[in-house]
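Okay, here's what each chain looks like letter by letter:
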Amino acid sequence: QVQLVESGGGLVQAGGSLRLSCAASGRTFSRYAMGWFRQAPGKEREFVAAISWSGGNTFYADSVKGRFTISRDNAKNTVYLQMNSLKPEDTAVYYCAGGRVTGRITDEYDDWGQGTQVTVSS
C-alpha cells in the first residue's frame, strides 16, 4: 500500500495558476501509475490526468488538456499537477491516486490521498 498526501491547493483568481503536489510513502512509488481526480460539490469524482510509472505516458481529460500538466519525480516520490489558465469550473477537491495501470476511472486505482481544495474565483 502507498500513503499519499496532497498539498498546494488554495484560492486563486480565474486565469491564475496553482501547482499541486502529492507525496507518496510506502510501497515502491516508482512502479506505480499515478492519477489526479477531482470532485466538485454534488458531482461525481472525475478523471483529470494520469501518468505512467516511468513518466513516459500521460493522459488528460479533454476539459484540462492544454492547461494542466502532470509530472512525477520518482527520486522524490512525488507527483505534480501544474494547473494554468484556471477557470471557475475547475473548483473542486483534487485527489491523487496510485494504481497498477494508468487508468481514467477510479476503480483502477488502489490508494488515495485525502484531497486538497482548489477554489477559482471569477
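*Asks:* Looking at this structure, how should I read the overall build of the chain?
*Replies:* Helices and strands together make up the secondary structure of the chain, namely zero helices and 11 strands. Going residue by residue from the N terminus, the α and β elements of the chain occur as β-β-β-β-β-β-β-β-β-β-β. Along the three orthogonal principal directions, the C-alpha set of the chain runs to about 40 × 25 × 25 Å. Scored against the burial criterion, the 122 residues of the chain give a buried share of 44%. Taking the contacts inside the chain whose residues are at least 6 apart along the sequence as the reference set, 57% of them involve residues at least 24 apart.

*Asks:* Whenever I open this one, the sheet that holds strand E3 (residues 18-26) confuses me. Can you help?
*Replies:* Ordered in space as E1-E3-E8-E7, the four strands form an open sheet in which the pairing is antiparallel. If you trace the sheet from one side to the other, it starts and ends with strand E1 (2-7) and strand E7 (68-73), each paired once. Adjacent strand axes in the sheet meet at a mean angle of 15°, parallel and antiparallel pairs treated alike. The sheet contact formed by E1 and E3 spans six bridges and is antiparallel. Each bridged residue has a counterpart across the sheet, and for Leu4 the counterpart in E3 is Ala24.

*Asks:* I would appreciate a short explanation of the state of the cysteines in the present structure.
*Replies:* Covalent bonding between the sulfur atoms of two cysteines is what defines a disulfide. All told, the structure shown has one disulfide when counted by the stated rule. Paired by a disulfide, Cys22 and Cys96 hold their sulfur atoms 1.9 Å apart. Sign of the S-S torsion, about 45° for the bond between Cys22 and Cys96, identifies this disulfide as right-handed. Of the two residues, Cys22 is situated in strand E3 and Cys96 in strand E9 (residues 92-99); the sequence distance between them amounts to 74 residues. A residue is classified by how much of its surface remains accessible, and Cys22, at 0% relative accessible area, is buried. Using a relative accessible area of 0% as the deciding quantity, one classes Cys96 as buried.

*Asks:* Help me understand the side chain of Glu6 in this model?
*Replies:* Inspection of the secondary structure assignment puts Glu6 in strand E1. For the buried Glu6, no salt bridge is present, and the opposite-charge side chain at shortest range is Arg45, 7.4 Å distant. Within the structure, Glu6 has its side chain in polar contact with the backbone nitrogen of Gln114 (distance 3.0 Å).

*Asks:* I'm lost on the environment of Lys43 in this one. Help?
*Replies:* Within the secondary structure, Lys43 sits in the loop between strand E4 (33-39) and strand E5 (46-51). Overall, the relative accessible area of 57% leaves Lys43 in the exposed class. A C-alpha to C-alpha distance of 9.5 Å links Lys43 and Ala92, two positions 49 residues apart in sequence.

*Asks:* Where do I start with the nonpolar core in this structure?
*Replies:* Within soluble globular proteins, side chains that are nonpolar generally end up buried alongside one another. Counting 34 residues, the largest nonpolar core has Trp36, Leu81, Met83 and Tyr94 as the members making the most contacts within it. Put simply, the parts of the chain that give this core at least two residues each are E1, E3, E4, E5, E7, strand E8 (78-83), E9 and strand E11 (116-121). The element best represented in this core is E5, accounting for five residues. When neighbours within four sequence positions are excluded, Met83 is seen to be in contact with Gly16, Ser17, Leu18, Leu20, Arg67, Phe68, Tyr94 and Val118.

Quick notes on the rules
Residues numbered from 1 in each chain as written. Predicted model: local features only at pLDDT ≥ 70, side-chain atom pairs only at ≥ 80, totals over all residues. Heavy atoms only, no water. Helix = DSSP H or I, 4+ residues; strand = E, 2+ residues; numbered from the N terminus. Buried < 20%, exposed > 50% of the residue type's maximum accessible area, 1.4 Å probe, protein only. Contact = heavy atoms within 4.5 Å. Pairing = 2+ DSSP bridges. Axes fitted to C-alpha atoms, helices over the stretch in contact; angles between N-to-C directions. Disulfide = S-S within 2.5 Å. Lys, Arg positive; Asp, Glu negative; His and termini not counted. Salt bridge = Lys/Arg side-chain N within 4 Å of Asp/Glu carboxyl O. Polar contact = N/O pair within 3.5 Å; in protein donor to acceptor, adjacent residues only side chain to side chain. Core = buried A, V, L, I, M, F, W, Y, C linked by side-chain atoms within 4.5 Å.

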